[in-house]
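Read off the chains here:
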Amino acid sequence: MMGVPAETGPQLVAWSNDMVRMYMHAPTRAIEEQANRSAGDFAAFIRHHAEERRRKPGDDLLSVLTAAHESGEKLSEDELVSSAILLLNAGHEATVHQTGNAIRALLSLENPAALLAGDERAAATVEECLRYDAPLHMFTRYAYEEVELVPGISLQPGEQVALLLGAANNDPAAFDAPRGFNPSRQDQKNVSFGAGIHFCIGAPLARLEMQAALKVLFERLPSLKISEEPHYRDIYHFHGLERLVCRW
Ligand code: HEM
């Protein structure tokens, strides 16, 4: 889709992993330096492929972004590179963790395959997985101007607010029995992809990927069971499992 060779996938994941380690609590100097090197290598890789696409455009996203850059003020070279990297690393990490969290949640239920039978059911089940155990819990925003959030709580310009998506998804004022996994709930309105102008650009892709992946998994391995108590990774930026050990 991006227009880079498929066999570079593992390298892109490695660069991406290095970069997102920067979001950890108290990263060390070594982590920062590695993130910097990987960001530089990733940027050089995209510049190289963007240059190739410029000479020989295809029907891929990098060609489209390059054309947008060439035809006017839309994207600068740096914006082209950072957009491509953002798409690639936002696409890798969140969906991987969400898929693991979803499989864990589904394996705690009676008959997961039944919840994925038919497109509508599968879509509703994936939405509930997103609400029940989201991979990204916190994003922050700065106030540009003074704003009164609720009576008595005001923000001053420059103050930062942390938006706890994971908590909003479990708000008893918004969801009936929020800790229950219920794909048929009528009050589905999770905020796992954020909201407003920064709403996740990859949401439709992530939803499709999860619907397809979970369906195939439970069709092929209907007797799948968890065989080791899973643990969440002790990291701050993604809410996902260390590993999920199963048997069938
Ligand atoms: C289950 C998987 C995913 C989850 C839970 C997720 C979640 C989110 C959230 C919460 C935001 C908003 C960030 C903010 O408010 O600052 C966001 C933004 C974004 N996501 Fe995703 N995402 C997922 C998959 C993807 C995929 C597959 C892609 C790319 C193909 C992607 C690309 C992006 C990009 C580029 C943004 C930034 C949008 C902007 O700032 O305007 N995401 N995502």
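Residues numbered from 1 in each chain as written. Predicted model: local features only at pLDDT ≥ 70, side-chain atom pairs only at ≥ 80, totals over all residues. Heavy atoms only, no water.

1. A closer look at the domain arrangement of the protein chain
In many reports, interface size means the accessible area that the parts give up when they come together. Per the domain assignment, the segments making up the protein chain are domain 1 (1-75) and domain 2 (76-247). A separation of 24 Å is found between the C-alpha centroids of domain 1 and domain 2. Taken together, the contact pairs 24 residues of domain 1 with 17 residues of domain 2. Interface area, domain 1 with domain 2, both sides summed: about 1,900 Å², of which 73% is carbon and sulfur. Seen at the junction of domain 1 and domain 2, the total is three salt bridges. (Domains from an automatic or database assignment. Contact = heavy atoms within 4.5 Å. Buried area = accessible area lost by both parts, 1.4 Å probe. Salt bridge = Lys/Arg side-chain N within 4 Å of Asp/Glu carboxyl O.)

2. Quick notes on helix H2 (residues 29-55)
Taking 1.5 Å per residue, 27 residues should reach 39 Å; H2 reaches 39 Å between its end C-alpha atoms and fits that length. Along H2, the positions that sit buried rather than exposed are Ala-35, Ser-38, Phe-42, Ala-43, Phe-45, Ile-46, His-49, Ala-50 and Arg-53. (Helix = DSSP H or I, 4+ residues; strand = E, 2+ residues; numbered from the N terminus. Expected span 1.5 Å × (residues − 1). Buried < 20%, exposed > 50% of the residue type's maximum accessible area, 1.4 Å probe, protein only.)

3. With respect to the nonpolar core
In this structure, Leu-106, Leu-116, Phe-181, Leu-214 and Phe-218 are the most contacted members of the largest nonpolar core, which totals 21 residues. Counting residues per element, the ones that place at least two in this core are helix H4 (77-107), helix H6 (119-132) and helix H8 (203-220). Contacts of Leu-106, omitting those with residues within four sequence positions, involve Pro-112, Leu-115, Leu-116, Thr-125, Cys-129, Phe-181, Leu-214 and Phe-218. Counting 14 residues, the second largest nonpolar core, distinct from the first, contains Met-2, Trp-15, Phe-45 and Ala-84. (Core = buried A, V, L, I, M, F, W, Y, C linked by side-chain atoms within 4.5 Å.)

4. A closer look at the pattern of salt bridges
This structure, assessed with the given rule, holds 13 salt bridges. Note that Arg-47 and Asp-78 form a salt bridge whose closest N and O atoms lie 3.4 Å from each other. Remark: Asp-78 occurs in helix H4 and Arg-47 occurs in helix H2; sequence separation between them is 31 residues. Of the residues examined, Asp-78 reaches a relative accessible area of 53% and is grouped as exposed. Each of Arg-47, Glu-51, Arg-54, Glu-77 and Asp-78 takes part in one network of salt bridges that share partners.

5. As for the packing of aromatic side chains
A complete count under the given rule lists four aromatic pairs for this structure. Seen in terms of ring centroids, Trp-15 and Phe-42 are 5.3 Å apart; in terms of plane orientation they differ by 35 degrees. Their pairing is tilted. Within this pair, whereas Trp-15 is found in helix H1 (residues 9-20), its partner Phe-42 is found in helix H2, the two being separated by 27 residues in sequence. Each member of the pair Trp-15 and Phe-42 is classed as buried. With centroids separated by 5.3 Å and ring planes inclined at 85 degrees, the aromatic side chains of Tyr-132 and Phe-181 adopt a geometry described as edge-to-face. Here the residue Tyr-132 occupies a position in helix H6, and Phe-181 occupies one in the loop between helix H7 (165-168) and H8, the gap between them amounting to 49 residues. This pair shows no difference in class: Tyr-132 is buried, exactly as Phe-181 is. Through a chain of ring-to-ring contacts, the aromatic side chains of Trp-15, Phe-42 and Phe-45 assemble into a single cluster. Directly above the aromatic system of Tyr-132 lies the positively charged group of Arg-179, at a separation of 4.4 Å from the ring centroid. Its end group placed over the ring of Phe-175, Lys-189 keeps NZ or CZ at 4.5 Å from the ring centre. (Phe/Tyr/Trp six-rings, centres within 6.5 Å; stacked < 30°, edge-to-face > 60°. Lys NZ or Arg CZ within 6 Å of the ring centre and 35° of its normal.)

6. Re the site of the ligand
Taken together, 22 residues lie near the ligand, and Leu-136, Arg-141, Ser-192, His-198 and Cys-200 sit nearest. For the ligand, an oxygen atom lies 2.6 Å from a polar atom in the side chain of His-198. Broken down by element, the shell around the ligand gets its largest block of residues, seven residues, from H4. Each residue belonging to the shell around the ligand can be placed in one class, and the counts come to 14 nonpolar, seven polar and one charged. (Near = heavy atom within 4 Å. Polar contact = N/O pair within 3.5 Å; in protein donor to acceptor, adjacent residues only side chain to side chain. Nonpolar A, V, L, I, M, F, W, Y, C, P; charged D, E, K, R; others polar.)

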